[in-house]
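# Fold and geometry: a report
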Amino acid sequence: MKCVRCKKKAKILLKRHNAAFCNDCFLYYYANQVNRNIRRHKMFDRNDKILVVVSGGKDSMALWDVLAKEGYNVVAMYINLGIGEYSNRSQEVVERFAQQKGLELIVKDIKKEYGLDIYVLAKTLKRSTCSVCGSIKRYLFNKVAYDGGFSVVATGHNLDDEAATLLGNLLSWEEGYLARQSPVLEKTHPKLVKKVKPLYTLTERENLYYVLLNRIEFLHEECPHATGARSILYKEVLNRLEEESPGTKHRFISGFLEKGRKHFQDVAEKLELKECKTCGQVTTTEECSFCRFIKVCNQQER
Ligand code: Q46
Ligand code: ZN
C-alpha cells in the first residue's frame with residue numbers, strides 16, 4: 001500500500017476516499033480538509049476572533065490544535081459541568097495543553113460561577129442530565145462569545161456525530177432540529193454569535209489519528225452519561241453501513257445539506273426570538289432556561 005501523495009509506504013487507509021497516506025501526508029490531507037470546509041462554508045478567516053469550545057476529548061483537541069497551527073486567531077473555552085472526576089480530569093488535560101503550547105484558555109465552572117448543579121436540575125425539572133447539560137452549554141457558548149467580542153464559535157463535531165444526529169432527527173422527524181442541522185449557523189439576531197463545525201467531514205478515526213500523530217494528550221474516557229445514549233446506537237448502525245458501503249456517512253450528510261435541509265427552513269424562520277428579561281440573552285421564552293436553572297438551584301440550596 002503506497003501513499004497516494006508521495007508514493008512512500010502508506011500507514012493510514014481511508015476507504016471512503018479510496019486513498020492511503022503516510023503519516024506526513026495524512027496531516028497534510030487533514031489540514032487541507034479543515035481549511036476547505038472553512039472556505040467552502042465561509043466559516044471565518046484569519047481576521048476573525050474564534051472561540052473554540054474544548055472538552056478534552058480527541059475531536060475538540062484536534063480542532064484547537066489544527067486551527068492554532070493554521071494561524072487562526074483562536075481562544076479556547078472549557079466548561080466544567082460538575083460531572084464528578086470526569087470533569088476534573090478533562091479540565092486538567094485542556095489546562096496542560098494550553099500551558100504547553102502557550103495558547104489562551106477560558107475556563108467556566110458552572111458550580112463555582114453560577115451555583116448550577118446538573119443533577120439537582122435534572123431531578124427537580126424531571127429532565128435528562130444530557131438535556132440540562134446541553135442547554136447550559138449552548139447558553140455559555142453564545143454568552144461567552146458575545147461578551148468577549150468573538151465573531152464565531154467553533155465546535156469539534158465530526159462526521160460520525162453529524163450523521164448520527166441526522167439519523168436520529170429523521171427517525172423522529174424533528175423538523176426544528178433538521179432546520180438547524182448545518183456546519184454553519186449564521187447570526188440571526190444581533191446577540192447571537194455564528195456557530196461553525198470545521199471538522200464535519202472528518203471522522204472520529206481521522207481525528208484520533210491526528211491527535212496520536214501529533215502526540216496531543218486527550219481524555220480517552222467518554223462522559224459517563226454518554227453510555228447508553230441513543231446516538232451511540234445510531235453510530236453503530238451507521239458504522240455497519242459504512243463498512244458495507246464506504247462513503248455512506250458522507251453522502252448522507254452532504255446529500256441532506258444540498259437537497260434535504262431547504263425543505264425545513266420555514267420551520268426555523270417561524271421561531272420568534274426575544275431577549276431574556278433577566279440576562280438579556282436570546283431566547284424563545286420570557287426568561288431563558290439558564291436564568292430559570294439558577295433560580296431552581298438557589299431554591300434547592302435554601
Ligand atoms: S450532554 Fe450528556 Fe454530553 Fe453533557 S451530560 Fe455528558 S454526555 S457532556 S456531549
Ligand atoms: Zn437569561
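Residues numbered from 1 in each chain as written. Chains lettered and ligands numbered in written order. Predicted model: local features only at pLDDT ≥ 70, side-chain atom pairs only at ≥ 80, totals over all residues. Heavy atoms only, no water.

You'll find the protein entered in an unreviewed UniProt entry as TIGR00269 family protein, with Caldicellulosiruptor morganii given as the organism.

### Topic: the overall build of the protein
For the protein, the count of helices and strands is 13 helices and 10 strands. For 302 residues, the compact-globule estimate of 2.2 N^0.38 gives 19 Å, and the C-alpha radius of gyration of the protein, at 20 Å, lies within 12% of that figure. Counting only C-alpha atoms and orienting by the principal axes, one finds that the protein spans roughly 65 × 45 × 40 Å. Relative to its full complement of 302 residues, the protein shows a buried share of 48%. Of all intrachain contacts in the protein linking residues separated by at least 6 positions in sequence, the fraction that spans at least 24 positions is 68%. With 50 positive and 37 negative side-chain charges, the protein shows a separation of 3 Å between the mean positions of the two kinds. (Helix = DSSP H or I, 4+ residues; strand = E, 2+ residues; numbered from the N terminus. Rg over C-alpha atoms; globule rule 2.2 N^0.38 Å. Buried < 20%, exposed > 50% of the residue type's maximum accessible area, 1.4 Å probe, protein only. Contact = heavy atoms within 4.5 Å. Lys, Arg positive; Asp, Glu negative; His and termini not counted. Charge placed at Lys NZ, Arg CZ, Asp CG, Glu CD.)

### What about the UniProt feature "domain: 2-thiouridine synthetase TtuA-like N-terminal LIM" (unreviewed entry) in the protein?
UniProt annotation of "domain: 2-thiouridine synthetase TtuA-like N-terminal LIM" (unreviewed entry) refers to residues 2-27 when read in the numbering used here. In residues 2-27, the share of helix is 19% and the share of strand is 23%. The end C-alpha atoms are 16 Å apart. (UniProt positions renumbered as here; feature names shortened; annotations may be inferred.)

### Details of the site of ligand 1
Surveying the vicinity of ligand 1 reveals the residues Ile83, Cys130, Cys133, Lys137, Cys223, His225 and Ala226. Classifying every residue of the shell around ligand 1 by side-chain character gives five nonpolar, one polar and one charged. (Near = heavy atom within 4 Å. Nonpolar A, V, L, I, M, F, W, Y, C, P; charged D, E, K, R; others polar.)

### A short note on unusual backbone geometry
Although it is not a glycine, asparagine 18 adopts a positive phi angle of roughly 50°. Its place among the elements puts asparagine 18 in the loop between strand S1 (12-14) and strand S2 (19-21). What makes asparagine 18 exposed here is its relative accessible area of 71%. Unusually for a residue other than glycine, lysine 126 sits at a positive phi of about 55°. Mapped onto the secondary structure, lysine 126 falls in the loop between helix H5 (118-125) and helix H6 (129-147). Owing to a relative accessible area of 75%, lysine 126 belongs among the exposed residues under this scheme.

### As for a positive patch on the surface
A grouping of Arg127, Lys137, Arg138, Arg180 and Arg292 is seen on the molecular surface, where their side chains present a positively charged patch. Take lysine 137: it is sitting in helix H6. (Patch = residues over 30% accessible without salt bridge, like charges linked within 9 Å, V, L, I, M, F, W, Y side chains within 5 Å. Areas by Shrake-Rupley, 256 points an atom, 1.4 Å probe, with all protein chains shown as cover. Salt bridge = Lys/Arg side-chain N within 4 Å of Asp/Glu carboxyl O.)

### Re the coordination of the zinc ion (ligand 2)
Angles at a metal have ideal values that depend on geometry: 109.5 degrees with four tetrahedral donors, 90 or 180 degrees with six octahedral donors. Looking at the zinc ion (ligand 2), one finds its protein donor set to be Cys276 (SG), Cys279 (SG), Cys288 (SG) and Cys291 (SG), positioned 2.3 to 2.4 Å from the metal centre. In primary-sequence terms, the residues that donate to the zinc ion (ligand 2) follow C-x2-C-x8-C-x2-C. (Donors = N, O, S within 2.8 Å, 3.2 Å for Na, K, Ca; no water.)

### Let's talk about the packing of helix H7 (residues 159-171) against helix H11 (residues 248-260)
Between H7 and H11, the shortest axis-to-axis distance is 9 Å and the interhelical angle comes to 65°. The two elements H7 and H11 cross, and the hand of that crossing is left-handed. Facing Leu159, Asp160, Glu162, Ala163, Leu166, Leu167 and Leu170 of H7, the residues of H11 in contact are Lys249, His250, Phe252, Ile253 and Phe256. Residues of the contact of H7 with H11, tallied by class, amount to eight nonpolar, one polar and three charged. (Axes fitted to C-alpha atoms, helices over the stretch in contact; angles between N-to-C directions. Left-handed = near helix turned anticlockwise from the far one by under 90°.)

### Side note on the side chain of arginine 16
Locating arginine 16 in the fold gives a position in the loop between S1 and S2. Only 3.0 Å separates the side chain of arginine 16 from the backbone oxygen of threonine 201, close enough to count as a polar contact. If we skip the residues at most four places from it in the chain, arginine 16 touches Tyr29, Leu159, Thr201, Leu202, Thr203, Glu206, Glu242, Pro246, Gly247 and His250. (Polar contact = N/O pair within 3.5 Å; in protein donor to acceptor, adjacent residues only side chain to side chain.)

### Focus on helix H13 (residues 289-301)
Counted at 1.5 Å a residue, the expected span for H13 with its 13 residues is 18 Å, and the 18 Å between its end C-alpha atoms agrees. Those residues of H13 not exposed but buried are Phe290, Cys291, Phe293, Val296 and Cys297. Where H13 is buried, its residues contact helix H4 (110-114), H5 and H6. (Expected span 1.5 Å × (residues − 1).)

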